[in-house]
Amino acid sequence: MRTAQQNIFRNENVGAARSEYLTFRLASESYGIDILRVQEIRGYDAVTRIANTPEYIKGVINLRGVIVPIVDLRIKFKVGEVTYHEFTVVIIINVLGRVVGIVVDSVSDVVALSQEQIKPAPEFGGALDTRYLTGLGTLNDEMLILVDIEKLIASDELQIMEVTQN
């Protein structure tokens, strides 16, 4: 009996070491964000542009009475050519008590990664800004770029969003 309890405890600990990520595409690359930050996924629709905001801030939408800033990650990360089509989606996230929408090319899946599957992001010096990356996940033969969405939204962008929400 004691061995069975130890096995259950060990299996629970293994499960607890796994984190779930919503995966999405930007151009040809796969990215992931913590699934616990995701509120909903919507098709891309017209936004109200706010004057004097950076290009990656597309504007705001009214989501059931809440004004939600929309950030296009393709522009922010300078990934490929930005086109809007039927697969373009907005992931509505809840970060630091704020609701924010992020535009991506498409949503793929929800995956669970163990700590062993996540490696630290390599340092590229000044060539690439890795401060918004949690690490790189490996899933089968695919590399998944894990974004620390909280750090990204809490950076300079959050100051702009506070202005748009007041």
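Residues numbered from 1 in each chain as written. Predicted model: local features only at pLDDT ≥ 70, side-chain atom pairs only at ≥ 80, totals over all residues. Heavy atoms only, no water.

Asker: In this structure, what is going on with the overall build of the protein? I would like to understand it.
Answerer: Counting secondary structure elements, the protein contains four helices and eleven strands. Out of the 166 residues in the protein, the part that is buried amounts to 39%. Once local pairs closer than 6 in sequence are excluded, the contacts in the protein between residues at least 24 apart make up 56%. As presented, the protein carries roughly 9700 Å² of accessible surface, and 50% of it is formed by carbon and sulfur atoms. (Helix = DSSP H or I, 4+ residues; strand = E, 2+ residues; numbered from the N terminus. Buried < 20%, exposed > 50% of the residue type's maximum accessible area, 1.4 Å probe, protein only. Contact = heavy atoms within 4.5 Å. Areas by Shrake-Rupley, 256 points an atom, 1.4 Å probe, with all protein chains shown as cover.)

Asker: Looking at this structure, how should I read the sheet that holds strand β8 (residues 106-114)?
Answerer: Hydrogen bonds between backbone groups are what pair the strands of a sheet, and the pairing can be parallel or antiparallel. Strands sit in the order β8-β1-β2-β11-β10-β9 across an open sheet of six strands; the sheet is mixed. At either margin of the open sheet sits one strand with a lone partner, and together these are β8 and β9 (118-119). Strand direction decides the pairing type here: strand β1 (residues 18-26) and β8, joined by eight bridges, are antiparallel. Paired with Tyr-21 across the bridge in β8 is Val-111. (Pairing = 2+ DSSP bridges.)

Asker: Can you help me understand the pairing of β1 in this one?
Answerer: Regular strands place side chains that alternate from one sheet face to the opposite one. Pairing between β1 and strand β2 (residues 29-34): six bridges, direction antiparallel. Along β2, the bridge assignment pairs Leu-22 with Ile-33. Between β1 and β2, which pair antiparallel and follow one another directly, the connecting turn spans two residues, one of which, Ala-27, has a positive phi of 55°.

Asker: Help me understand the packing of aromatic side chains in this model?
Answerer: The relative placement of two aromatic rings is captured by the distance of their centres and the angle of their planes. Using the criterion set out here, one finds three aromatic pairs in the structure. With centroids separated by 6.0 Å and ring planes inclined at 25°, the aromatic side chains of Tyr-31 and Phe-77 adopt a geometry described as stacked. Taken together, the positions of Tyr-31 in strand β2 and Phe-77 in the loop between α2 (73-76) and β6 (89-95) put the pair 46 residues apart, joining distant regions of the chain. Counting every residue linked through ring pairs, the aromatic cluster contains Phe-24, Tyr-31 and Phe-77. Cation over ring: Arg-74 sits above Tyr-84, and NZ or CZ is 4.7 Å from the ring centre. (Phe/Tyr/Trp six-rings, centres within 6.5 Å; stacked < 30°, edge-to-face > 60°. Lys NZ or Arg CZ within 6 Å of the ring centre and 35° of its normal.)

Asker: When you look at the sheet that holds strand β7 (residues 98-104) in this model, what are you seeing that I'm missing?
Answerer: Taken in spatial order, the five strands of this open sheet run β3-β6-β7-β5-β4, and their pairing is mixed. This sheet does not close on itself; its edge strands, each paired only once, are β3 (38-43) and β4 (57-63). Within the sheet, the average angular offset between the axes of one strand and its neighbour, ignoring direction, is 30°. (Axes fitted to C-alpha atoms, helices over the stretch in contact; angles between N-to-C directions.)

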